[in-house]
Amino acid sequence: MLRDDALVQAAWQAWANAYAPYSGLAVGAAVETADGQIFAGCNVENASYGLTLCAERNALAQAVARGQRGICRVVVVADTTQPLAPCGACRQWLWELAPAAEVILLNRQGEWRRSTTAELLPLAFDRGHLLGKTGSEAGNTQRAT
Ligand code: THU
C-alpha cells in the first residue's frame, strides 16, 4: 500500500514544510538509496522567483550532502488534481544522480503514476557529451550522408 510506504510518508512530511508563499503550490519529495536510507526535501521559493528550489532537487541534494548516491526510488507528492510532473530541471538532476530510479508521482487523493528517470528524460544530455564520448542514446545516432 503506497500510503504505508516510508518513502511516501517522508515525502508528505517534507511537503508539510514547503515554503511556497508565491505560487501556493507545496511539493514534497523523498529519495531512497539502495541500502534503504531516505532523504526528503520540499520546494523553497524566493522573492526573486527564478531562485526557487524544487522539492526533488532539494531531496537529491540532501542525499548527496550526506555522502549518499545510488538512489533507486523517488517519490514526489503534491495536492494537485493530477500527480505532479517533475519539471525539466529536476528531470535533468534525476538523470545525473538517480539515473536508474523508479519514480512515483502521487497526489493527495492517492492517485499515482509510476515512471522511471529514463522515461522522464529521453535523449538526455549527460557527462558523455562533455567527455566527447557517448551520450545517453548514442547508439541511435545517424550520420548525415
Ligand atoms: N515545483 C517543484 O517543487 N517541483 C517540480 O518538479 C515542479 C515545480 C515547485 C517550484 C515552485 O515552488 C512551485 O512548484 C510552482 O512552480
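Look above for the structure.
So, a few notes on the structure that sits alongside this text. (Residues numbered from 1 in each chain as written. Predicted model: local features only at pLDDT ≥ 70, side-chain atom pairs only at ≥ 80, totals over all residues. Heavy atoms only, no water.)

### Some details on the site of the ligand
Every residue lining the ligand is accounted for by Ser 23, Leu 25, Val 27, Asn 43, Glu 45, Thr 52, Cys 54, Ala 55, Glu 56, Leu 84, Pro 86 and Cys 87. Note that an oxygen atom of the ligand is positioned 2.6 Å from one of the side-chain N or O atoms of Glu 56. Burial of the ligand by the surrounding chains reaches 81%, relative to a free accessible area of 380 Å². Tallied by class, the residues present in the shell around the ligand amount to 7 nonpolar, 3 polar and 2 charged. (Near = heavy atom within 4 Å. Polar contact = N/O pair within 3.5 Å; in protein donor to acceptor, adjacent residues only side chain to side chain. Areas by Shrake-Rupley, 256 points an atom, 1.4 Å probe, with all protein chains shown as cover. Nonpolar A, V, L, I, M, F, W, Y, C, P; charged D, E, K, R; others polar.)

### Some details on the sheet that holds strand E2 (residues 38-42)
Pairing is mixed across the open sheet formed by 5 strands, whose spatial order is E2-E1-E3-E4-E5. Edge strands, defined here as strands with exactly one partner in the open sheet, are E2 and strand E5 (112-116). The average angle at which neighbouring strand axes cross in this sheet is 15 degrees, direction not considered. Here 7 bridges tie strand E1 (residues 27-33) to strand E3 (residues 71-78), and the two strands are oriented antiparallel to one another. The partner of Val 27 across the bridge, within E3, is Ala 78. (Pairing = 2+ DSSP bridges. Helix = DSSP H or I, 4+ residues; strand = E, 2+ residues; numbered from the N terminus. Axes fitted to C-alpha atoms, helices over the stretch in contact; angles between N-to-C directions.)

### Focus: the packing of aromatic side chains
The relative placement of two aromatic rings is captured by the distance of their centres and the angle of their planes. Inspection of the entire model under this criterion finds 2 aromatic pairs. Measuring from centroid to centroid gives 5.6 Å for Tyr 22 and Tyr 49, while their planes differ by 45 degrees, and the two rings are tilted. Placement of the pair is Tyr 22 in the loop between helix H1 (6-15) and E1 and Tyr 49 in the loop between E2 and helix H2 (55-65), with a sequence separation of 27 residues. Its relative accessible area of 42% is what places Tyr 22 among the partly exposed residues. (Phe/Tyr/Trp six-rings, centres within 6.5 Å; stacked < 30°, edge-to-face > 60°. Buried < 20%, exposed > 50% of the residue type's maximum accessible area, 1.4 Å probe, protein only.)

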